[in-house]
Amino acid sequence: MLTTEDFTRFPLLMWGKVLSKVKKAVVFMDDSCAEALHWSGGAAALLEAGARNMKQFSSFEACGVNEPKAVFVVSTLLKGRTVDIIKDIISLSHFQYCVVFTTVAHSVHLLANSVTAEMDGKPVFEQFEEKLCEWMGNMNYTAEVMHVPVVFTQVSQQLLVTPTFAHLFPLLPTDLEAINAKRPEKKRFGSLTDVDMHSLPLELQLEIKSLTSALNAMFEATGTREESFAVGPMSRILAGELSSHPQAKNRRKTATNKASIIFVDRTMDLTGAVGHHGDNLAEKILTVLKPLPGHVTDVQVDMLELTSLQRTTHSQNTLAPGCLAQNQSLVAQSLWEAMLTSKHKEGVMEVRRQLVEAASKEKLPIKMSMGRVTPEQLCSYMQLFRSSWGAIESHCGVLQLGLATAQTLRHPSLPHWDCCLAFERLLLQALGDSDFPTVLRQLLPLMKPHGGDDSSSSGSRSRKDECGPDELILLLVYLYSLADEALSADRSTEEEELEKLERDLIGALTLVITRETELSPLLQKLTGCANPEELTIERAHSAMEDMFKTLQGLSHTRDHLKQLRSVYTASDGVHQATYRPFLRQILEEVFHPDRIECPDIEHMSGGLTDLLKTGFSMFMKVSRPHPSDNSVLLLLVVGGVTPSELRLIKETVSALKPGTQVLVVSTRLLRPTDIPELLFTTKRLTPDIGV
């Protein structure tokens with residue numbers, strides 16, 4: 001019987017193909033593949049398989065005379081910059097045997113080379129093998145090129161993410177304008193729901209085909225026939241591509257297992273992605289700690305507490321950081337699951353319990369204390385391990401997660417979380433009582449420029465718990481994603497008022513940004529400036545104008561839906577206004593006891609059979625596939641899922657239909673601050689896939 005474990009084993013199965021080739025080789029790997037491996041065994045898996053070394057995929061790397069074998073693992077097409085880097089590395093080395101793995105299927109390589117006809121063999125890969133031998137300097141040397149979809153990685157028991165597609169995000173109204181600008185006037189699309197695969201830029205087509213190819217490979221490996229459903233324009237395109245995948249037809253004929261997969265666009269609910277209502281420890285850790293270099297999901301954990309080193313300005317560069325991915329320890333994996341899918345308090349309590357248990361096993365002189373868990377208390381437990389390297393090695397996974405928790409609880413930016421939550425609750429209540437401009441105006445007083453510690457001006461920001469520009473941008477996304485839920489006044493008056501207010505907000509936010517003493521990573525990407533000295537008022541103002549153009553379209557992302565149009569319940573005088581998570585609404589429809597068909601959850605994998613059933617259903621009762629038909633449900637969220645949504649999904653399914661197995665597949669594990677980057681700075685139409 002099919003289980004979610006069959007799917008979570010798939011990443012290791014694919015990495016097994018890579019590991020079978022790395023013996024006595026130096027392995028070169030790009031960032032996306034390295035992150036996928038990071039959660040699936042890490043560098044240790046390569047070394048245990050016999051690899052001699054692992055290096056960054058860069059033109060500045062090379063190997064010595066005594067290193068004759070190389071393995072390249074890349075997440076891009078074998079074109080352009082990728083080819084240049086491979087050539088540079090080989091030219092500077094002395095290889096006699098090269099193996100190249102790409103996560104991009106050969107069929108996608110053909111499309112990238114404008115070949116539409118079916119071809120025997122794999123000519124693109126065969127030609128590249130000849131080039132490898134040419135660069136090695138001897139046509140008798142050995143070269144192998146193959147496709148292995150190492151794009152999925154297991155972050156938890158209920159979550160697979162795809163680092164390769166971390167920046168794939170549903171299209172927005174501003175993208176529709178860009179698509180229409182290149183089309184004749186009579187052939188322009190009225191809305192995003194009208195956009196089809198062939199009208200997208202080639203780069204995005206290739207990325208979509210690459211993802212659906214990887215999904216097809218996963219269903220192939222598990223012997224599964226899928227029933228696909230979609231909610232949202234991008235999801236319809238993805239589900240349609242999976243349905244029409246050339247190899248899917250034969251797979252479905254021979255498959256012995258069945259599963260449902262629902263594709264959901266992240267843009268259907270941005271409120272849940274940027275909101276701070278998620279009472280979750282892992283979400284706070286991911287938000288406040290710095291990302292691990294080259295990674296989208298994992299963070300850096302300062303390991304200094306476990307050493308006797310003194311904290312100096314250079315101590316961070318002395319010691320390698322810890323992380324959240326703990327593949328070697330079952331205890332640490334169990335603790336990570338608790339941190340990811342429990343409430344904040346429960347997660348913190350579990351961290352303390354595991355640290356106490358580890359210290360007791362090592363017979364360390366621990367002083368027990370009950371009551372509230374503090375970062376000082378957790379650090380005092382972990383400092384006991386300093387005296388024993390054996391104890392540190394045995395419990396390294398738990399200690400890293402413990403340090404991540406302590407560093408988050410005492411992080412100076414954590415008060416911003418509670419500050420944002422308080423404002424979100426106030427705005428949520430105001431939406432039911434006022435029109436949108438009135439609610440939006442409440443953000444103006446928060447837009448205080450940085451005043452420094454010695455500032456006495458009431459119009460400047462000096463307290464650490466006051467909202468900075470990043471938090472203000474999050475609040476704007478939160479509010480614009482709910483704009484349709486506000487009371488509607490006279491439309492023409494409201495539009496005029498909103499236009500004037502937006503100009504005021506742009507001006508106020510421009511002043512806030514230009515007065516910053518240090519630019520956050522988000523502000524650097526938004527403005528294109530690395531430091532405040534480069535940033536001019538004109539540049540900041542232009543960046544804010546572009547941002548507001550995108551914000552204006554966020555309130556229309558659910559306009560095409562018939563039933564699931566709202567994520568908001570207004571106050572009824574007894575109960576406060578509340579946010580209604582979109583994913584919960586989908587699951588409530590899927591597992592409704594009466595098996596009601598929701599018009600917004602569109603069945604996509606029926607083909608001609610489904611069209612015939614639709615026709616017959618006009619004059620007779622016809623049974624059509626339903627997402628709850630199968631015991632395994634895959635929920636694929638295009639654009640990322642948050643840790644608090646993982647807990648929500650787990651609790652909702654347990655309450656509605658115990659026994660059903662749900663696996664979440666997502667392009668990334670989100671922190672609230674990821675959304676502004678994906679909305680305002682990501683090239684959604686032209687992703688970088690090495691074309």
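Cut-offs and rules
Residues numbered from 1 in each chain as written. Predicted model: local features only at pLDDT ≥ 70, side-chain atom pairs only at ≥ 80, totals over all residues. Heavy atoms only, no water. Buried < 20%, exposed > 50% of the residue type's maximum accessible area, 1.4 Å probe, protein only. Helix = DSSP H or I, 4+ residues; strand = E, 2+ residues; numbered from the N terminus. Contact = heavy atoms within 4.5 Å. 1 Å grid on protein atoms, 1.4 Å probe; cavity = no way out; pocket = protein on both sides within 12 Å on 5 of 7 lines; lining within 4 Å. Points joined across faces, edges and corners; volume = space filled by probe spheres on them. Nonpolar A, V, L, I, M, F, W, Y, C, P; charged D, E, K, R; others polar. Core = buried A, V, L, I, M, F, W, Y, C linked by side-chain atoms within 4.5 Å. Pairing = 2+ DSSP bridges. Axes fitted to C-alpha atoms, helices over the stretch in contact; angles between N-to-C directions.

Honestly, helix H3 (residues 31-38) in this entry has me stumped. Any pointers?
Within an α-helix, residues lying three or four positions from one another point in the same direction, as the helix has 3.6 residues per turn. Those residues of H3 not exposed but buried are Cys33, Glu35, Ala36, Leu37 and His38. Turning to H3, the residues buried within the fold contact helix H2 (10-19), strand E1 (26-29), helix H4 (42-48), strand E2 (53-56), strand E3 (69-74) and strand E6 (153-156).

What's the story with the layout of surface pockets in this structure? I'm lost.
Within this model, the second largest pocket holds a volume of roughly 880 Å³. Contributing to the lining of the second largest pocket are 28 residues, with His106, Ser107, Val108, Pro246 and Gln247 lying nearest its centre. Of all the secondary structure elements, the ones that give two or more residues to the lining of the second largest pocket are helix H6 (106-112) and helix H9 (202-221). It is H9 that contributes the most residues to the lining of the second largest pocket, 7 residues altogether. Considering only residue class, the lining of the second largest pocket consists of 10 nonpolar, 13 polar and 5 charged.

Before we go on, may I ask you to explain the nonpolar core in this structure?
Burial of nonpolar side chains together is a common tendency in soluble globular proteins. Ranked by size, the top nonpolar core spans 131 residues in total, and within it Leu440, Leu476, Leu509, Met547 and Ile675 carry the most contacts. If one sorts the elements of this core by residue count, helix H22 (residues 469-480) sits on top with 9 residues. Setting aside anything within four residues of it in sequence, one finds Ile675 in contact with Phe169, Arg266, Leu270, Ala273, Val274, Val477 and Leu670. Counting 58 residues, the second-largest nonpolar core is a separate cluster that includes Leu37, Leu176, Leu215 and Ile261.

Just checking my understanding: could you explain the sheet that holds strand E5 (residues 142-147) for this structure?
Through backbone hydrogen bonds, the strands of a sheet pair up, either in parallel or in antiparallel fashion. With parallel pairing, 5 strands are arranged side by side in an open sheet as E2-E1-E3-E4-E5. Looking at which strands have only one partner, the edges of the open sheet turn out to be E2 and E5. For this sheet, the mean angle separating the axes of adjacent strands, direction not counted, is 15 degrees. One ladder, built from 6 bridges, connects strand E4 (residues 97-102) with E5; its direction is parallel. Of the residues in E5, the one forming a bridge with Val100 is Val145. Along the sheet, H3 makes contact with E1, E2 and E3, crossing E1 at roughly 110 degrees. The strands touched by helix H7 (residues 123-136) within the sheet are E4 and E5, with E5 carrying the most contacts at an inclination of about 145 degrees.

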